[in-house]
Amino acid sequence: MEKVVIGLYEKTSYAERFAEYFCHNKNNCIDFRIFTIREKISEFTKKTRIDVLLTDRQYADDVNSESNVGKIIILSEGNYVMENEKYPVIFKYQSVEEIIKEVLADIAEDDNIDVNNTSVIKNAAELIGVYSASGGNIPLDYGVGLAVKTGKIKKTLLVCLEQLNGLDGAAWPENETKRKISSSYEEVSYVRGMSEVIYYLNKSGNKLALKLQSIVCRRSGIDCIYPVEDYRDLGFFDKDMINEFINVVSKQMEYEVVIFIIGYLSEAFMELMQRCDKLYFKAAQDGIERERQNAFENMLKRDGLSGKLDNVVFFGTETNLC
């Protein structure tokens, strides 16, 4: 993955919002430039290509003559598209974060935009998995709590790989306040998650880091990728996809820690468990859970994997696996 160059051509104080956002939000995948003078765009593009240029409708045709600008997107004051509109449109008066998400989603889906600038170089993130052979809600709550704690000192991404979405009802700090006030939760609108990631990987998209940033949501200061919309999508997540996904989130994005809540068993997810630096495994608390843990251990032995999961840390009670 290479850095994508996004430019903003804006002559008003509106540009200050973007400057403030990128001042406080480091992004290894984006080189963002602000232009307030038309001639400065020409000077810049003589040396460096601008992949996407954001601007008002009144300036679009003027900057369209720049040969080294890949795509122009209009920042519109109305949430609509005019008849015979030549350019994609994004609503101007929303958060900078949402605007950037829409831009990245557009770039990821546009095969005409090649990202071919400065390579991103960083240390690989620490990979942590959370799993329970007996299922239940505890791994989800534990993973969320671990992400909140880790996120206070390191840039953290939480990836929920469960079959059904329970993420919003987990032990987030703000949910504790809600529980004291009311026993019911507000209805949560649809959020894009792992179903889009799997679909994108399945069609061999080569700008996964941008795609991921377009679907990441924030909870309690933590970046999250929500579960699949349809549980059957997890069956299409094979080992090659897992490895590509890990490489992108670990080596190309700005995260120092990536936490996977694993709620599905397959060959691909066993690969993920082996790739994790730590695998937090819920220890058995009763006879049924002990039987399920034994079944999991026996499966590892049959597959010749029992010696490879040496990264297990139990939570609940202390014990050893295999």
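Everything quoted here is computed from the prediction, not taken from an experiment.

Draft legend 1. Just the pairing of strand 6 (residues 126-131), in detail. Along strand 6, five of the six residues are buried, which leaves the element largely enclosed by surrounding structure. When strand 6 meets strand 10 (residues 257-262), the two strands line up parallel, connected through six bridges. Within strand 10, the residue paired with Tyr 131 across the bridge is Ile 262. Here strand 6 runs beside strand 11 (residues 278-282); their pairing, made up of four bridges, is parallel.

Draft legend 2. Broad picture of the packing of helix 1 (residues 15-24) against helix 4 (residues 96-109). For the pair helix 1 and helix 4, interaxial distance at closest approach is 10 Å and the crossing angle is 85°. As the angle between them shows, helix 1 and helix 4 are arranged roughly perpendicular. Residue-level contacts link Arg 17, Phe 18, Tyr 21 and Phe 22 of helix 1 to Val 96, Glu 97, Ile 99 and Ile 100 of helix 4. Looking at side-chain class alone, the contact of helix 1 with helix 4 contains six nonpolar, no polar and two charged residues.

Draft legend 3. Inspection of the nonpolar core at higher detail. By size, the foremost hydrophobic cluster in this structure holds 71 residues, and its most contacted members are Leu 54, Met 194, Phe 237, Phe 245 and Phe 260. The greatest single-element share of this core, amounting to seven residues, is contributed by helix 4. Formed by 21 residues, the second largest nonpolar core is a distinct cluster that contains Ile 128, Leu 140, Val 144 and Leu 146.

Draft legend 4. Expanded view of the packing of helix 7 (residues 194-202) against helix 8 (residues 208-215). As a packed pair, helix 7 and helix 8 sit with axes 10 Å apart at the nearest point and diverge in direction by 160°. Here helix 7 is positioned roughly antiparallel relative to helix 8, judged by the angle of their axes. Judged by the twist between their axes, the crossing of helix 7 over helix 8 is right-handed. Contact with helix 7, carried on its side by Glu 196, Val 197, Tyr 200 and Leu 201, involves Leu 208, Lys 211, Leu 212 and Ile 215 of helix 8 and no other residues of that element. For the contact of helix 7 with helix 8, the class distribution of residues is six nonpolar, no polar and two charged.

Draft legend 5. Representation of helix 4 within the structure. When the terminal C-alpha atoms of helix 4 are compared, their 20 Å separation across 14 residues agrees well with the 20 Å that a helix rising 1.5 Å per residue should span. Every buried residue of helix 4 is listed here: Val 96, Ile 99, Ile 100, Lys 101, Val 103, Leu 104, Ala 105, Ile 107 and Ala 108.

Draft legend 6. A look at unusual backbone geometry. We note that Ser 220 has phi near 50°; this positive angle belongs to a residue other than glycine. Within the fold, Ser 220 resides in the loop between strand 8 (217-219) and strand 9 (222-225). With a relative accessible area of 34%, Ser 220 lands in the partly exposed category.

Draft legend 7. Inspection of the pairing of strand 3 (residues 50-55) at higher detail. Burial of strand 3 is extensive: six of the six residues sit out of reach of the surface. Pairing analysis gives four bridges linking strand 1 (residues 4-9) to strand 3, with the strands arranged parallel. If you follow Ile 6 over to strand 3, its bridge partner there is Val 52. Direction of pairing for strand 3 relative to strand 4 (residues 69-76): parallel, over a ladder of five bridges. By the bridge assignment for strand 4, Leu 53 is matched with Ile 72.

Cut-off values and rules
- Residues numbered from 1 in each chain as written.
- Predicted model: local features only at pLDDT ≥ 70, side-chain atom pairs only at ≥ 80, totals over all residues.
- Heavy atoms only, no water.
- Buried < 20%, exposed > 50% of the residue type's maximum accessible area, 1.4 Å probe, protein only.
- Helix = DSSP H or I, 4+ residues; strand = E, 2+ residues; numbered from the N terminus.
- Pairing = 2+ DSSP bridges.
- Axes fitted to C-alpha atoms, helices over the stretch in contact; angles between N-to-C directions.
- Parallel < 35°, antiparallel > 145°, perpendicular 65-115°, else oblique.
- Contact = heavy atoms within 4.5 Å.
- Nonpolar A, V, L, I, M, F, W, Y, C, P; charged D, E, K, R; others polar.
- Core = buried A, V, L, I, M, F, W, Y, C linked by side-chain atoms within 4.5 Å.
- Left-handed = near helix turned anticlockwise from the far one by under 90°.
- Expected span 1.5 Å × (residues − 1).

Read these as layout, nothing more, since geometry by itself doesn't imply function.
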